[in-house]
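# Geometric and topological summary
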Amino acid sequence: MTKRAFNFNAGPAALPLGVLQQAQQEFVDFAGAGMSIMEMSHRSAIYEQVNNDAQALLRELFGIPNNYKVLFLQGGASTQFAMIPMNLLKPDQTASFVMTGSWADKAIKEAKLFGQTSIVASSEADKFNRIPDLSGIELPSNAAYLHVTSNETIEGTQYAAYPETGDVTLIADMSSDILSRPVDVSKFGLIYAGAQKNLGPSGVTIVIVREDLVAQSPKSIPTMLRYDTHISNNSLYNTPPSFSVYLVGLMLKWLKERGGVSATEQYNRDKTKLIYDTIDQSGGFYRGFADPASRSLMNITFRIQTEELESLFVKESEKQGFIGLKGHRSVGGLRASTYNAVPLESCKALAEFMQDFQKRNG
Ligand SMILES: *Cc1c(COP(=O)(O)O)cnc(C)c1O
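We now turn to the structure provided with this report.

The rules behind each value
- Residues numbered from 1 in each chain as written.
- Predicted model: local features only at pLDDT ≥ 70, side-chain atom pairs only at ≥ 80, totals over all residues.
- Heavy atoms only, no water.
- Salt bridge = Lys/Arg side-chain N within 4 Å of Asp/Glu carboxyl O.
- Helix = DSSP H or I, 4+ residues; strand = E, 2+ residues; numbered from the N terminus.
- Buried < 20%, exposed > 50% of the residue type's maximum accessible area, 1.4 Å probe, protein only.
- Core = buried A, V, L, I, M, F, W, Y, C linked by side-chain atoms within 4.5 Å.
- Contact = heavy atoms within 4.5 Å.
- Phe/Tyr/Trp six-rings, centres within 6.5 Å; stacked < 30°, edge-to-face > 60°.

For the structure shown, the criterion picks out 13 salt bridges. A salt bridge links K187 to E164, with the shortest nitrogen-to-oxygen separation between them at 2.6 Å. With a gap of 23 residues between them, K187 in the loop between strand 8 (169–173) and strand 9 (190–194) and E164 in the loop between strand 7 (157–158) and strand 8 connect regions that are remote in the sequence. The exposure class of K187 is partly exposed, given its relative accessible area of 33%. R295 is the partner of D280 in a salt bridge, and the nearest nitrogen-oxygen pair spans 2.8 Å. You can see D280 sitting in helix 7 (residues 260–280) and its partner R295 sitting in the loop between strand 11 (286–288) and strand 12 (299–304), a full 15 residues away along the chain. Overall, D280 belongs to the partly exposed group, its relative accessible area being 49%. Connected via shared salt-bridge partners are E316, D356 and R360.

Further remarks concern the nonpolar core. Formed by 53 residues in total, the largest nonpolar core has its most connected members in F62, M174, I178, L179, L199, I206 and I208. Counting only elements with at least two residues in this core, the list comes to helix 1 (17–26), helix 2 (45–62), strand 2 (68–73), strand 5 (143–149), strand 8, strand 9, strand 10 (205–210) and helix 6 (242–257). Take this core: its biggest share by element is nine residues, from helix 6. Other than its neighbours up to four places away in sequence, F62 contacts M174, I178, L179, R181, V183, V185, I191 and I208. Residues M99, I171, L190 and Y227 belong to the second largest nonpolar core, which totals 27 residues.

Tallied over the entire structure, the rule returns 18 aromatic pairs. A centroid spacing of 6.0 Å and a plane angle of 85° characterise the contact between F302 and F313, whose relative ring orientation is edge-to-face. Remark: F313 occurs in helix 8 (residues 307–319) and F302 occurs in strand 12; sequence separation between them is eleven residues. F313 carries the same exposure label as F302, and that label is buried. When the ring of F322 is compared with that of F353, the centres are 5.4 Å apart and the planes differ by 40°; the resulting orientation is tilted. Placement of F322 in strand 13 (residues 322–323) and of F353 in helix 9 (residues 344–361) is noted, with a sequence separation of 31 residues between them.

Right, here's the structure in full:
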């Protein structure tokens, strides 16, 4: 049996063993071609099939309507922070944001390079421990779009429901929760996500965009940073990250075999319940960072009374095969990332470790 760590890394993160094993099996000789997928032309029929299959599976699993395009790009979600305003923010318009933490902040900073921005709601006063109440938000009359960070990976908060924006385009960074639960894609103008948390390895960024939005981007945008370039070339304008796209395809197949996105959501809920229940039933030994109504199904952030105990927790957990439980350096504490591919068994083992650690140190 292959020895596998209890991997709670925040990203790149756990991949299913079955996916890795299939990739291993096909590694040297892909589809009988006598070469690996990395050695093959991206213009070959074999790669075109890989590219198209991954797109089709994503469409099917996520319920993407026909008037949307699916793109496989490079540069990470971080490049989308700039590409979105470059393509979608006109000079007389404002890019609006909900300020929920570290990743929203980066998206705003980048948009500022290209035009006017506004923050329509923020949870900064609460140290970003929740998604702000958006029921009565007012958007500027010249809003080009409203940008939300669906799951704040570092703080461990997630939208329970997305805001209603009327005629204003809604854009979401779903880097850390794509395909973790069903989403009505038709509510969004654009959804983007780096693959390396929920959907595969690093190196490829998924963009789902409504076609009419990007039909007329300003002529001054560099070719590689235009959505229409990648749309008209089926994500094959230049050399794509072929191995990453192939692995995303395998991951999507795996998600489909396990019952698709609704089944995945239930599985994710079962996983995180084990850990949140352990926190809530610890009598204050563990303290969840996020407000319960904004708790993330993907990143569970929590603290123990002292930093000494937190360090001890990390040290002892590593000895027992747990990886990635130290919180992000910007917020401290502890974090367990429980993305789609993290097995229930890992979460069960973590809950048991947490209970045992409390018994010994509480
Ligand atoms: C990880 C992450 C990013 C950055 O992704 P890169 O692919 O490293 O650029 C952006 N937004 C969120 C919510 C993330 O979790």
